[in-house]
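Structure assessment
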Amino acid sequence: MEEKLKMVLSKVFSMDKESITDNFSIDTAENWNSLNHSNLIIALEQAFNIEFTTDEIIEMMSYKLIRLTLQEKMQENSIIF
Amino acid sequence: MENFDNKIYTLDYVLSASAKMNGPFKPLKIAVVRNITLESIEPYLTYFIQSIGFKPTYYFSLYDDAIQQIHDSNSPLYQFKPDIIIMAIKLESLCPDLFNNFCALSDKKREQTQMFIQQYFEQLFSSLKKNTSAPVLLNNFETPTAPSFGIYDSQSLNHQQYTIKKLNILLVELIQTHSHIYLVDVDLLQHRIGSQHYYDLRYWYIGKAPYSKLAYPLLAKEYSKYCRALFGKNKKCLILDLDNTLWGGIIGEDGINKIQLGHAYPGSAFVDFQKAILTLYYRGVILAICSKNNLTDVMPVLNEHPDMVLRLKHFSVMKINWNNKVDNIREIAQEINIGLDSLVFIDDSDFEINFVKELLPEVTSIKLSKDPAQYAYFLMNFGLFDTLLYSEEDKNRTIMYRAEASRNQLKSSFDNIENYYRSLSIQVEIKRADEYSLSRISQLTQRSNQFNLTTQRYTESQLKEKMHSLQSDVFYLTVSDRFGKHGLVGVAIIDYHEGRKTAYINTFLLSCRVISYNVENVLLKTILDTCRSKGIQEVIGEYIQTDKNNLVKNFYTERYFQVESSADNRTVYKYDLRDNHNIVPNYFDLISTER
């Protein structure tokens, strides 16, 4: 999952996968603006076939938070199915 | 290219696909004026605009400064010099009361709001007219799918839904006097995909971005249909296979009584598919057949099968033989004299589709899905043939192409081409543009590629300006002969330079229907005579090379113009009006010109 997540991020922010670490966040990334954020959410939802809540969208402002939210979502899904 | 099945355009897909597309692209400046957040449409719009041959650059107005941008002639909007303007004014932001406070509105307040909206758009339109000639794509208003009064809402014209529907009708009425403003029916788009898929409330509350990740690509595709039509990229001819395309089964094996075509499924689906094709025919699309069959098997079906919707008379060209389809399609393009990139080819065979795709990549080749029930809806929702104009010429197109075939038969009985032309009794008429001819003239400037010296595209409103200006003349040419009318087939636009003794031929084009009769010489002669009578001393002509107009590369030198200068893809020519060459052949039956 982490690999796939890094792929999505690197594509949306057009940068190397390697430079995406736990420190990567809206404060450190140059082109993490509101437009790219909404593109990021769209790309994540399409890649992982999930849907975030509005609160999650506005909270997921770093790589770490995205990863945690995703893990939570995936677990929820696996319980349902 | 286009798939038959509805593709899901994910962000990942459009980003990678756009990067892989090969040019050449022409630049296209798109300005977006809005009162909502719409930036997320960019990657999708880029994908669709690139796929019709343009590389877009964008200008987004600030959120909700449409009024200032449009009224101020020095605004960044106009400084950007857009080729096209998208106007996304969401009623919900413009008049929130109409949306979430409707039940509290008094009759008077509701009427005031309607008046306000009318004035708002009237003012915007008149400012746009003053400041730009770029076409404007204006979103209409999305009707609420959960109206304020619930089921009671539908019971009165003064309730929410009909109030907003009336505003949409008002917009249609308002644009009638503004020929460069086009409505984009986003309300229809909402209904097509369902409002639950269309909106994403999360982004609406976070950042005033109303649309969902499903809606962006469809909205972008919708805008691209307008660009396709406005910039002459729409397809003109539909080439159809027969077996398992127009009917189910194989005529050579099943026979006329056994093919699937009629009231029961799957025959019923094929009947509806044919009706959809017939609709395109009435919209002016040229139909052709390209199929591997024995002609003797097919003709009885076309002539006699009781459930055939399409008949012999609907097809301009038929290639029913066992030759390969690539050669057949090439011949079709030659016979009706249009470019390969104006053709759409539909077939049910993977082999044929891949073969044509491989060898004729300019042709849009589409493989039918396995399910005939989808065919008719797919074709109606297609957009590739969409235009923004509909003229008398379109209705008569197939009649004209059939008359062309009769001419070709007659031609073969003459050994001298001039005697043949004389036998046609060709009548040529040249007039100045008027209100009635504007839409066809605009259409020709947008569609003609081969016999077009400068390939300048004009909207009706731009032409209207030229028509009323003392600095310009817009001439058009109509041709008819004993087989029928060719219609309005030539256009020339002349710009006069005030105080100077020169005139410039800004546009000179001819429909490919009448190439070879030399009617263009009558048009050129009219220009030269008109200029001479105005006391002008020299006429400047220009050839701007494109990848399609090689045909007219030597147009001016062949007509006694001298090369003045040449740079890149442009060559400028000059004709000294003290000269007076006779360039009009003597085989025309009648020439009438308006000076």
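Residues numbered from 1 in each chain as written. Chains lettered and ligands numbered in written order. Predicted model: local features only at pLDDT ≥ 70, side-chain atom pairs only at ≥ 80, totals over all residues. Heavy atoms only, no water.

Re the overall build of chain B
- Secondary structure assignment for chain B yields 24 helices and 18 strands.
- Its C-alpha radius of gyration of 27 Å places chain B within 12% of the 25 Å reference for a compact globule of 595 residues.
- Dimensions of chain B along its principal axes, counting C-alpha atoms only, are 80 × 75 × 45 Å.
- Buried positions account for 55% of the 595 residues belonging to chain B.
- Of the contacts formed within chain B by residues at least 6 apart in sequence, a portion of 72% connects residues at least 24 apart.
- Looking at chain B as shown, the accessible area adds up to about 26300 Å², and 49% of this sits on carbon and sulfur atoms. (Helix = DSSP H or I, 4+ residues; strand = E, 2+ residues; numbered from the N terminus. Rg over C-alpha atoms; globule rule 2.2 N^0.38 Å. Buried < 20%, exposed > 50% of the residue type's maximum accessible area, 1.4 Å probe, protein only. Contact = heavy atoms within 4.5 Å. Areas by Shrake-Rupley, 256 points an atom, 1.4 Å probe, with all protein chains shown as cover.)

Re the packing of helix α9 (residues 186-193) of chain B against helix α12 (residues 215-230) of chain B
All names here are of chain B.
- For the pair α9 and α12, the least separation of the axes is 11 Å and the interaxial angle reads 135 degrees. By the angle between their axes, α9 is oblique relative to α12. Where α9 crosses over α12, the two elements pack in a sense that is right-handed. Every residue of α12 that contacts α9 at Val186, Leu189, Arg192 and Ile193 is listed here: Ala215, Leu218, Leu219, Glu222 and Lys225.
- Of the residues assigned to the contact of α9 with α12, the class counts are six nonpolar, no polar and three charged. (Axes fitted to C-alpha atoms, helices over the stretch in contact; angles between N-to-C directions. Parallel < 35°, antiparallel > 145°, perpendicular 65-115°, else oblique. Left-handed = near helix turned anticlockwise from the far one by under 90°. Nonpolar A, V, L, I, M, F, W, Y, C, P; charged D, E, K, R; others polar.)

Focus: the domain arrangement of chain B
All names here are of chain B.
- Assigned domains within chain B: domain 1 (11-230), domain 2 (237-381) and domain 3 (414-593).
- Look at where the C-alpha atoms of domain 1 and domain 3 centre, and you get two points 39 Å apart.
- Taken together, the contact between domain 1 and domain 3 spans six residues of the former and five residues of the latter.
- Inspection of the region where domain 1 meets domain 3 yields zero salt bridges. (Domains from an automatic or database assignment. Salt bridge = Lys/Arg side-chain N within 4 Å of Asp/Glu carboxyl O.)

Remarks on the sheet that holds strand β1 (residues 26-34) of chain B
All names here are of chain B.
- Read from one edge of the open sheet, five strands run β2-β1-β3-β4-β5, paired in parallel fashion. Each of the sheet's edge strands pairs with one partner strand only, and the pair in question is β2 (54-60) and β5 (181-184). On average, each strand axis in the sheet is tilted by 25 degrees relative to the strand beside it, whichever way the strands run.
- Running at roughly 150 degrees to β2, helix α2 (residues 42-50) makes contact with β1, β2 and β3 (84-88) of the sheet. (Pairing = 2+ DSSP bridges.)

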